[in-house]
Protein chains: 2
Amino acid sequence: MDATAPPPSAAPAAPARRSDATRAAILAAARERFAADGYDRATVRAIAQDARIDPAMVMRYFGSKEGLFAAAVDVDLRLADLSDVPTDALGRTVVVHFLGLWEDDHLRGVLTALLRVGVTHPAGAVRMQEIFAAQVLPAVLQAVPDPAQAPARAALIASQLLGLALTRLVLRFEPAVRLEREEIVDWLAPTVQRYLTAEAP
Amino acid sequence: MDATAPPPSAAPAAPARRSDATRAAILAAARERFAADGYDRATVRAIAQDARIDPAMVMRYFGSKEGLFAAAVDVDLRLADLSDVPTDALGRTVVVHFLGLWEDDHLRGVLTALLRVGVTHPAGAVRMQEIFAAQVLPAVLQAVPDPAQAPARAALIASQLLGLALTRLVLRFEPAVRLEREEIVDWLAPTVQRYLTAEAP
DNA sequence: CAGGCATGTCAACGCTTGTTGGCCTACAGT
DNA sequence: ACTGTAGGCCAACAAGCGTTGACATGCCTG
């Protein structure tokens, strides 16, 4: 929490220290390891080795392993623009956007790490709750007529999209892995569309 | 794998040893710990303490921590009878059955443990793949006209149902936790129904 | 009653983990 | 050119892990 690192977006005039490259290397290695192994198996030593630095540097820059995790999974889902999407295209738009997130290398690492850690480590679950509340919920609020129903609808959408990521990218169920991108869109878009626009049952 | 424990259903005449109570206590404690903490944080020592025995007993009865996990997550989803369900009631039947699984204390523990461990530990992911292939897929095959489409449809259903379990029981997204049982059925049944019976897109 | 096997305890092992403090190096400001 | 400081490495720590083997206890069979 008292990380020596400057917040990526807070300080307007970044001091541009000499150690920025090292810090970035640590963060990249950490994301990869957390995504591949989860919180406990992603050891500080392994991350340090990947980044070709000493484990002590991790502590110097991020205070602790938890601090490193918090810094590594700062993510922006870029879900701002649902208000000017045609109502009957909402489902498809959301699914396509979501699949797009997993194709960006950086985001893919962050999201997989979040999914893996969120399931095992309390801090990870809290982080996912925060992202849901701060990014997913507001976006759904833009697209839904009755604000009171937005949380439930957002949760249903999250359950389907995270469930897909889970079976396809983490558990690697073979049929889920085989699905083509367009197939996924065609199957899931109506589901999300219904969760967004159908009358509450 | 060479666990001293008798397979629960293999030997027809169970010897009924004196240590069965201990073994059961260990298994129960293990399921609880694996479900609550995941594979790595569920230590053999903690499980032994919960079961009020010595950690060495775990090794004696189950060979290793991995052996204990394998024995603890032996699960039967009881999904055999989809062939005589009316076609247009399939979705609702599946969702209701799935929600019922989570209300049995034993199954709830096993399933949560599987979900938590499957995400972090390779052995857990393999186990979930096995269960999917051996239990979910055959059941879906009974309910679907074209067998070639069954795997993809089964994977989609698994993604939605596991996604719900994930957001509700593991990540504990607040709106997902708040959903009533009937609401879940009403929202998810049409989704599952479509994944089962809708024409492939 | 004696022996043997199942049951259980205890203490210790080797290893890995996160974390710490001391020390070296090299660049920047005067 | 000299010095302060930021960047980086090394060795070590205490704690916790899974696992092991030797030893105690009690039950059942002969």
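Residues numbered from 1 in each chain as written. Chains lettered and ligands numbered in written order. Predicted model: local features only at pLDDT ≥ 70, side-chain atom pairs only at ≥ 80, totals over all residues. Heavy atoms only, no water.

Asks: Explain the overall build of chain A to me, please; I cannot follow it from the model alone.
Replies: If you tally the helices and strands in chain A, you get 10 helices and zero strands. When its helices and strands are written in sequence order, chain A yields α-α-α-α-α-α-α-α-α-α. Projected onto its principal axes, the C-alpha positions of chain A cover 55 × 40 × 25 Å. Counting across all 201 residues of chain A, residues that qualify as buried make up 49%. Sequence-distant contacts in chain A: of pairs separated by 6 or more residues, those separated by 24 or more amount to 67%. With the model as given, the accessible surface of chain A reaches about 9,600 Å², and the carbon-plus-sulfur share is 54%. Treating the 21 positive side-chain charges of chain A as one cloud and the 24 negative ones as another, the clouds have centres 8 Å apart. (Helix = DSSP H or I, 4+ residues; strand = E, 2+ residues; numbered from the N terminus. Buried < 20%, exposed > 50% of the residue type's maximum accessible area, 1.4 Å probe, protein only. Contact = heavy atoms within 4.5 Å. Areas by Shrake-Rupley, 256 points an atom, 1.4 Å probe, with all protein chains shown as cover. Lys, Arg positive; Asp, Glu negative; His and termini not counted. Charge placed at Lys NZ, Arg CZ, Asp CG, Glu CD.)

Asks: Would you mind going over the environment of Gly163(B) with me for this structure?
Replies: By secondary structure assignment, the location of Gly163(B) is in helix H8 (residues 150-170). On the basis of relative accessible area, Gly163(B) is assigned to the buried category, the value being 0%. Sequence-wise, Gly163(B) and Ala143(B) are 20 residues apart; in three dimensions their C-alpha atoms are separated by 22 Å. Setting aside residues up to four positions removed in sequence, Gly163(B) forms contacts with Ser159(A), Gly163(A) and Ala158(B).

Asks: In this structure, what is going on with the relation of the copies chain A and chain B? I would like to understand it.
Replies: One copy of the chain maps onto the other through a rotation about an axis plus a displacement along that axis. Note on the copies: chain A fits chain B at an RMSD of 0.1 Å, the axial shift is 0.0 Å, and the rotation between them is 180°. Between the two chains, the operation in question is that of a two-fold axis. When each C-alpha of chain A is compared by its distance to the rotation axis, Gly163(A) comes out closest, at 1.8 Å. Looking at chain A, 100% of its interface residues are interface residues in chain B too, so the copies touch through the same face. (Least-squares fit on C-alpha atoms with pLDDT ≥ 70 in both.)

Asks: Honestly, the interface of chain A and chain B in this entry has me stumped. Any pointers?
Replies: Taken residue by residue, the interface counts 46 residues in chain A and 46 residues in chain B. Interface of chain A and chain B: buried area, both sides summed, is about 4,000 Å²; carbon and sulfur atoms make up 70% of it. Three residues, Val119(A), Phe173(A) and Trp187(A), lead the burial of chain A against chain B; their summed loss comes to 19% of the area buried on that side. Remark: the boundary between chain A and chain B carries two salt bridges. (Buried area = accessible area lost by both parts, 1.4 Å probe. Salt bridge = Lys/Arg side-chain N within 4 Å of Asp/Glu carboxyl O.)

Asks: Got a minute to help me understand the protein's contact with DNA strand C in this structure?
Replies: Looking at DNA strand C, there are 18 residues lining it, with Thr43(A), Val44(A), Arg45(A), Lys65(A) and Tyr61(B) nearest. Take the atoms of DNA strand C that sit within 4 Å of the protein: sugar and phosphate atoms are 49% of them. A distance of 3.3 Å separates a phosphate oxygen of DNA strand C from a polar backbone atom of Asp54(B). In this structure, Arg60(B) approaches DNA strand C through a side-chain N or O atom, which is 3.1 Å from a base oxygen. Of all the elements in the fold, those that place two or more residues in the surface near DNA strand C are helix H2 (44-50) and helix H3 (55-62) of chain A together with helix H3 (55-62) of chain B. When its residues are assigned to classes, the surface near DNA strand C shows seven nonpolar, four polar and seven charged. (Near = heavy atom within 4 Å. Polar contact = N/O pair within 3.5 Å; in protein donor to acceptor, adjacent residues only side chain to side chain. Nonpolar A, V, L, I, M, F, W, Y, C, P; charged D, E, K, R; others polar.)

Asks: Please clarify how the protein's contact with DNA strand D should be interpreted in this entry.
Replies: Among the 18 residues in the neighbourhood of DNA strand D, the closest are listed as Tyr61(A), Thr43(B), Arg45(B), Met59(B) and Lys65(B). Across the atoms of DNA strand D situated within 4 Å of the protein, the share located in sugar and phosphate is 52%. Side-chain polar atom of Tyr61(A) to a phosphate oxygen of DNA strand D: 2.9 Å apart, as the coordinates give it. Note that a phosphate oxygen of DNA strand D is positioned 3.0 Å from one of the backbone N or O atoms of Val44(B). Secondary structure elements with two or more residues in the surface near DNA strand D: H3 of chain A together with helix H2 (44-50) and H3 of chain B. For the surface near DNA strand D, the residue count by class is seven nonpolar, four polar and seven charged.

Asks: In this structure, what is going on with the environment of Leu114(A)? I would like to understand it.
Replies: All names here are of chain A. Along the chain, the position of leucine 114 falls in helix H6 (residues 105-120). A relative accessible area of 1% means that leucine 114 is categorised as buried. Distance in space between the C-alpha atoms of leucine 114 and glycine 38 is 8.7 Å, their sequence separation being 76 residues.

Asks: Please clarify how the packing of aromatic side chains should be interpreted in this entry.
Replies: Two numbers describe a pair of aromatic rings. These are the distance of the centres and the angle of the planes. Residues and elements named next belong to chain A. This structure, assessed with the given rule, holds 12 aromatic pairs over all chains. With 5.3 Å between their ring centres and 85° between their planes, phenylalanine 34 and phenylalanine 69 make a pair best called edge-to-face. With a gap of 35 residues between them, phenylalanine 34 in helix H1 (residues 20-41) and phenylalanine 69 in helix H4 (residues 65-72) connect regions that are remote in the sequence. By relative accessible area, phenylalanine 34 is classed as buried at 0%. Residue phenylalanine 69 is classed as buried on the basis of its relative accessible area, which comes to 2%. Ring geometry for phenylalanine 98 versus tryptophan 102: centroids 5.9 Å apart, planes at 70°, classification edge-to-face. Residues phenylalanine 98 and tryptophan 102 agree in their burial class; the two are buried. Taken together, the aromatic side chains of Phe34, Tyr39 and Phe69 make up a single cluster linked through ring pairs. (Phe/Tyr/Trp six-rings, centres within 6.5 Å; stacked < 30°, edge-to-face > 60°.)

Asks: Explanation requested: the domain arrangement of chain A in the structure shown.
Replies: By convention, interface size is frequently given as the accessible area that disappears when the constituent parts associate. All names here are of chain A. By domain assignment, chain A separates into domain 1 (20-72) and domain 2 (87-197). Each of domain 1 and domain 2 was reduced to a C-alpha centroid, and the two centroids are 26 Å apart. Contact with domain 1, which involves 12 residues of that partner, is made by 12 residues of domain 2. Interface area, domain 1 with domain 2, both sides summed: about 930 Å², of which 68% is carbon and sulfur. (Domains from an automatic or database assignment.)

Asks: What is the right way to read the packing of H6(A) against helix H7 (residues 122-143) of chain A from this model?
Replies: Between two packed helices, what matters for the description is the angle formed by their axes and the separation of those axes. Residue and element names in this part refer to chain A. Interaxial distance between H6 and H7 falls to 5 Å at its minimum, and their mutual angle equals 120°. By the criterion of interaxial angle, the relationship of H6 to H7 is oblique. The element H6 and its partner H7 pack so that their crossing is left-handed. Residues Leu114, Leu115, Val117, Gly118 and Thr120 of H6 form the contact with H7, whose participating residues are Pro122, Gly124, Ala125, Arg127, Met128 and Ile131. Classifying every residue of the contact of H6 with H7 gives seven nonpolar, three polar and one charged. (Axes fitted to C-alpha atoms, helices over the stretch in contact; angles between N-to-C directions. Parallel < 35°, antiparallel > 145°, perpendicular 65-115°, else oblique. Left-handed = near helix turned anticlockwise from the far one by under 90°.)

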